[in-house]
Amino acid sequence: MPLFAKKEETAVDYGQLPQHVAIIMDGNGRWAKARGLPRTAGHAAGAETFRTIATYCRDIGIRYLTVYAFSTENWKRPAEEVSAIMGLLKKYLLEAIEDMEKEKVRFVFFGDMAPLPDELRELARRTQRDSAKFDGCQVNICLNYGGRDEIVRAARTFAAACAMGAAKPEDLDEERFSGYLWSGGIPDPELIIRPGGEKRISNFLLWQSAYAEFYVTDVSWPDFTKEDLRKALAAYQGRQRRFGGI
Ligand code: FPP
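So, here's what we can say about the structure.

Concerning the overall build of the protein
Here is step 1 of the chain: When its secondary structure is counted, the protein shows seven helices and six strands.
Here is step 2 of the chain: Going residue by residue from the N terminus, the α and β elements of the protein occur as β-α-α-β-α-β-α-β-α-α-β-β-α.
Here is step 3 of the chain: For the protein, the C-alpha radius of gyration of 19 Å lies close to 18 Å, the compact-globule estimate for 246 residues.
Here is step 4 of the chain: Projected onto its principal axes, the C-alpha positions of the protein cover 60 × 50 × 35 Å.
Here is step 5 of the chain: Within the protein, buried positions represent 46% of all 246 residues.
Here is step 6 of the chain: Summed over its atoms, the accessible surface of the protein is roughly 12,700 Å², and 52% of this surface lies on carbon and sulfur atoms.
Here is step 7 of the chain: The protein carries 35 positive and 35 negative side-chain charges, and their two centres are separated by 2 Å.

See below:
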């Protein structure tokens, strides 16, 4: 396998990259606590890491990047923390709109946008609409997202189609069901990365992760670098994917 690396970089075969990488951006709170900072400072640092890693994914040719920015469970956090995360997302989207023609990234939002603050919901809608013309890297931002919620909504949509006579239960197969998910039409992630050391899926891409390779690192998301991404890609390339075969 040809491997390509600059001195001191982990060797990655850039001709064999996964098409779709997904990241659970975890460890922001602990990163901040370890530095005597408020948790919100960890999220602010995490937003910067996201910027760096998303650009790098685009530059090396990852076709789809999906990040977990806010889960359906994250509303349980203190109001101040929730509002800080919403504020960071707003700031990021305003900048993304500004730089859109230069960056050429397509943004898609996975999740129920209805309960979000009006301004953020409108920014997300605008960013998704105006970036739809770009066909390079697609960044999926999971916002008020839950894997179970996504599956229940897909089941409901299909049930409604059946009730209207537009579909029959026996028509449903895995491919058709996938089409009802927020990720409908894009390939499943081959690699899911979880910084922050926890070994859980946390309601992230439950359907789509069926055959994903899972990579956990103790590095917190705010400290996660391009080199950490290369390590994850190299680990992925070193694995044998059997999809239930032998
Ligand atoms: C999990 O870390 C992180 C979150 C719930 C929020 C992620 C949000 C950002 C990185 C900022 C905005 C994102 C974008 C896309 C601009 P945690 O708080 O659970 O960390 P802990 O486990 O150490 O407490």
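Things to note about unusual backbone geometry
Here is step 1 of the chain: One non-glycine residue with positive phi stands out, namely K104, at about 55°.
Here is step 2 of the chain: Of note, K104 is situated in the loop between α3 (79–103) and β3 (106–110).
Here is step 3 of the chain: Taking the relative accessible area as the measure of exposure, K104 reaches 44% and is therefore partly exposed.

Observations concerning the pairing of strand β1 (residues 20–24)
Here is step 1 of the chain: The element β1 is largely enclosed, with a buried count of five among its five residues.
Here is step 2 of the chain: Judged by which residues are buried, β1 turns out to be covered on both faces: H20, A22 and I24 on one side and V21 and I23 on the other are all buried.
Here is step 3 of the chain: Relative to strand β2 (residues 64–71), β1 runs parallel, the two being bridged by five bridges. Within β2, the position partnered with A22 by the bridge is T66.
Here is step 4 of the chain: Bridge analysis of β1 against strand β5 (residues 191–194) gives three bridges, and the strand direction is parallel. Bridge pairing in β5 links A22 to I192.

Digging into the side chain of N203
Here is step 1 of the chain: Tracing the sequence through the fold places N203 in the loop between β5 and β6 (213–216).
Here is step 2 of the chain: Among the residues examined, N203 registers a relative accessible area of 16% and is labelled buried.
Here is step 3 of the chain: When residues no more than four places from it in sequence are discounted, the contact partners of N203 are Y68, T72, E73, Y145, G146, G147 and R148.

What to know about the site of the ligand
Here is step 1 of the chain: The full set close to the ligand counts 17 residues, and D26, R30, R39, H43 and R77 are the nearest of them.
Here is step 2 of the chain: The contact in question runs from an oxygen atom of the ligand to an N or O atom on the side chain of D26, over 3.0 Å.
Here is step 3 of the chain: N28 is positioned such that a nitrogen or oxygen atom in its backbone is 3.2 Å from an oxygen atom of the ligand.
Here is step 4 of the chain: Summarising the interface, the protein chains cover 92% of the accessible area of the ligand, which totals 630 Å² for the free molecule.
Here is step 5 of the chain: Those elements that provide at least two residues to the shell around the ligand are α1 (28–34), α2 (39–60) and α3.
Here is step 6 of the chain: It is α2 that provides the largest number of residues to the shell around the ligand, a total of five residues.

Concerning the packing of aromatic side chains
Geometrically, a pair of aromatic rings is defined through the distance of the ring centres and the angle of the planes.
Here is step 1 of the chain: Applying the stated criterion across every chain yields a total of ten aromatic pairs.
Here is step 2 of the chain: Relative to Y92, the ring of F50 has its centre 5.0 Å away and its plane inclined at 65°; by these criteria the two rings are edge-to-face. Of this pair, F50 sits in helix α2 while Y92 sits in helix α3, and the two are 42 residues apart along the sequence. Taken individually, F50 and Y92 each receive the classification buried, so the pair is uniform in this respect.
Here is step 3 of the chain: R63 extends its terminal NZ or CZ atom over the ring of Y64, reaching a point 4.9 Å from the ring centre.

Observations concerning the sheet that holds β2
Here is step 1 of the chain: Taken in spatial order, the six strands of this open sheet run β3-β4-β2-β1-β5-β6, and their pairing is parallel. Edge positions in the sheet fall to β3 and β6, since each of these pairs with one other strand and no more. Each strand of the sheet is rotated relative to its neighbour by a mean of 20°, with strand direction disregarded.

Regarding the pattern of salt bridges
Here is step 1 of the chain: Scanning the entire structure with this criterion turns up 24 salt bridges.
Here is step 2 of the chain: E198 serves as the salt-bridge partner of R30, at 3.8 Å between the closest nitrogen and oxygen. You can see R30 sitting in helix α1 and its partner E198 sitting in the loop between β5 and β6, a full 168 residues away along the chain.
Here is step 3 of the chain: Exposure remark for R30: the relative accessible area of 41% places this residue in the partly exposed category.
Here is step 4 of the chain: Using a relative accessible area of 25% as the deciding quantity, one classes E198 as partly exposed.
Here is step 5 of the chain: Salt-bridge contacts for D118 lead to R121; the nearest nitrogen and oxygen are separated by 2.8 Å. Separated by three residues within a single helix, D118 and R121 lie in helix α4 (residues 118–131), roughly one turn from each other.
Here is step 6 of the chain: Classification of R121 by relative accessible area gives partly exposed; the value is 29%.
Here is step 7 of the chain: If you follow the salt bridges from partner to partner, you end up with D26, R30, R194, E198 and R200 in one network.

Cut-offs and rules
- Residues numbered from 1 in each chain as written.
- Predicted model: local features only at pLDDT ≥ 70, side-chain atom pairs only at ≥ 80, totals over all residues.
- Heavy atoms only, no water.
- Helix = DSSP H or I, 4+ residues; strand = E, 2+ residues; numbered from the N terminus.
- Rg over C-alpha atoms; globule rule 2.2 N^0.38 Å.
- Buried < 20%, exposed > 50% of the residue type's maximum accessible area, 1.4 Å probe, protein only.
- Areas by Shrake-Rupley, 256 points an atom, 1.4 Å probe, with all protein chains shown as cover.
- Lys, Arg positive; Asp, Glu negative; His and termini not counted.
- Charge placed at Lys NZ, Arg CZ, Asp CG, Glu CD.
- Pairing = 2+ DSSP bridges.
- Contact = heavy atoms within 4.5 Å.
- Near = heavy atom within 4 Å.
- Polar contact = N/O pair within 3.5 Å; in protein donor to acceptor, adjacent residues only side chain to side chain.
- Phe/Tyr/Trp six-rings, centres within 6.5 Å; stacked < 30°, edge-to-face > 60°.
- Lys NZ or Arg CZ within 6 Å of the ring centre and 35° of its normal.
- Axes fitted to C-alpha atoms, helices over the stretch in contact; angles between N-to-C directions.
- Salt bridge = Lys/Arg side-chain N within 4 Å of Asp/Glu carboxyl O.

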